[in-house]
Amino acid sequence: MKATEQKVLRFVKENELLLAGEKILVALSGGPDSVFLLHFLNKYKIEIGAVHINHLLRGNDSQRDELFCKTVCEELSIPFYLLRKNIKTYSTKNKYSLEVAGRKVRYEFFEKISRTNGYDKIATAHNADDNIETVLINLIKGTGIKGIAGIPVKRKNIIRPILSLTKKEILDYLNENQFEYRVDESNLSNDFERNFLRNEVTPLIQK
């Protein structure tokens, strides 16, 4: 067993995230974090399904992400659930930012699929780097103790099994095992506050 897998298993056990016999719905974007989570849970014979949201924001890239996720699930014989939603139109109509609109649509669909298909928990692929960014955003905006704590390991039926892993650990594992994944080029843009922190501020702090 690889050190990265052992680290996740310890984290899952310490936080009692998975119980025997549970069905888990994985939020699958096609990016490295969610691909790691999918392969990890599948390797340990946990009954899973995968759900993908096509936000229709990036043209052909969005279609390629969708096809990639669908193909991976077919190859692994994992049930696949899909929603196509024009987030830009939805955000304008409801006066949400794109980030808020995307989050709202995602979690509403996750809950719907979970409820109608008998999944016990929803697993999202937030990692340790995401947690640092969340804490920084909350500190910048001004927050209480709850905000400083960052992303919760579990909240109701939502669990985050790989919150202990860094992005580097995830990428190293995927590359070592030759698992393919998609790269969202929009994450390289600093137009969103989280991207700016990820691309500019966090690297300076880590130095």
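Up top you'll find the structure we're talking about.
Because the structure is predicted, anything quoted here is derived from the model rather than measured. (Residues numbered from 1 in each chain as written. Predicted model: local features only at pLDDT ≥ 70, side-chain atom pairs only at ≥ 80, totals over all residues. Heavy atoms only, no water.)

S.K.: Outline helix α1 (residues 3–14), supporting the account with residue identities and numerical values.
M.R.: Relative to the 16 Å expected for 12 residues at 1.5 Å per residue, α1 spans 16 Å between its end C-alpha atoms, a close match to the ideal helical length. Of all the positions in α1, only Thr4, Glu5, Val8, Phe11 and Val12 are classed as buried. Summarising the axial view, the buried residues of α1 lie within an arc of 125°, below the 170-degree limit, and thus occupy one face. Facing away from the buried side of α1, by more than 90 degrees, are the exposed residues Ala3, Lys13 and Glu14. Buried residues along α1 sit against α2 (32–43) and α8 (167–176). Glu16 lies just past α1 and shows a positive phi near 50°. (Helix = DSSP H or I, 4+ residues; strand = E, 2+ residues; numbered from the N terminus. Expected span 1.5 Å × (residues − 1). Buried < 20%, exposed > 50% of the residue type's maximum accessible area, 1.4 Å probe, protein only. Arc of directions from axis to C-beta. Contact = heavy atoms within 4.5 Å.)

S.K.: So, the packing of α2 against α8: which residues are in play, and what are the values?
M.R.: Interaxial distance between α2 and α8 falls to 10 Å at its minimum, and their mutual angle equals 60°. Our classification of the angle between α2 and α8 gives oblique. Once α2 is placed against α8, the crossing between them reads as left-handed. Judged by residue contacts, Pro32, Asp33, Val35, Phe36 and Lys43 of α2 engage Lys167, Ile170, Leu171, Tyr173 and Leu174 from α8. Here the residues of the contact of α2 with α8 are counted per class, giving 7 nonpolar, no polar and 3 charged. (Axes fitted to C-alpha atoms, helices over the stretch in contact; angles between N-to-C directions. Parallel < 35°, antiparallel > 145°, perpendicular 65-115°, else oblique. Left-handed = near helix turned anticlockwise from the far one by under 90°. Nonpolar A, V, L, I, M, F, W, Y, C, P; charged D, E, K, R; others polar.)

S.K.: How would you sum up the pairing of strand β2 (residues 47–54)? Please name residues and give values.
M.R.: In terms of residue burial, β2 counts as a mostly covered element, since 7 of its 8 residues are buried. One ladder, built from 5 bridges, connects strand β1 (residues 23–27) with β2; its direction is parallel. Bridge assignment links Lys23 to a residue of β2, and that residue is Glu47. For the crossover from β1 across α2 to β2, the handedness is right-handed. Pairing of β2 with strand β3 (residues 80–84), which is carried by 5 bridges, proceeds in the parallel orientation. Along β3, the bridge assignment pairs Ala50 with Phe80. In the classification by handedness, the crossover that spans β2, the intervening helix α3 (residues 60–76) and the parallel β3 is right-handed. (Pairing = 2+ DSSP bridges. Right-handed = clockwise from strand over helix to strand, strands pointing away.)

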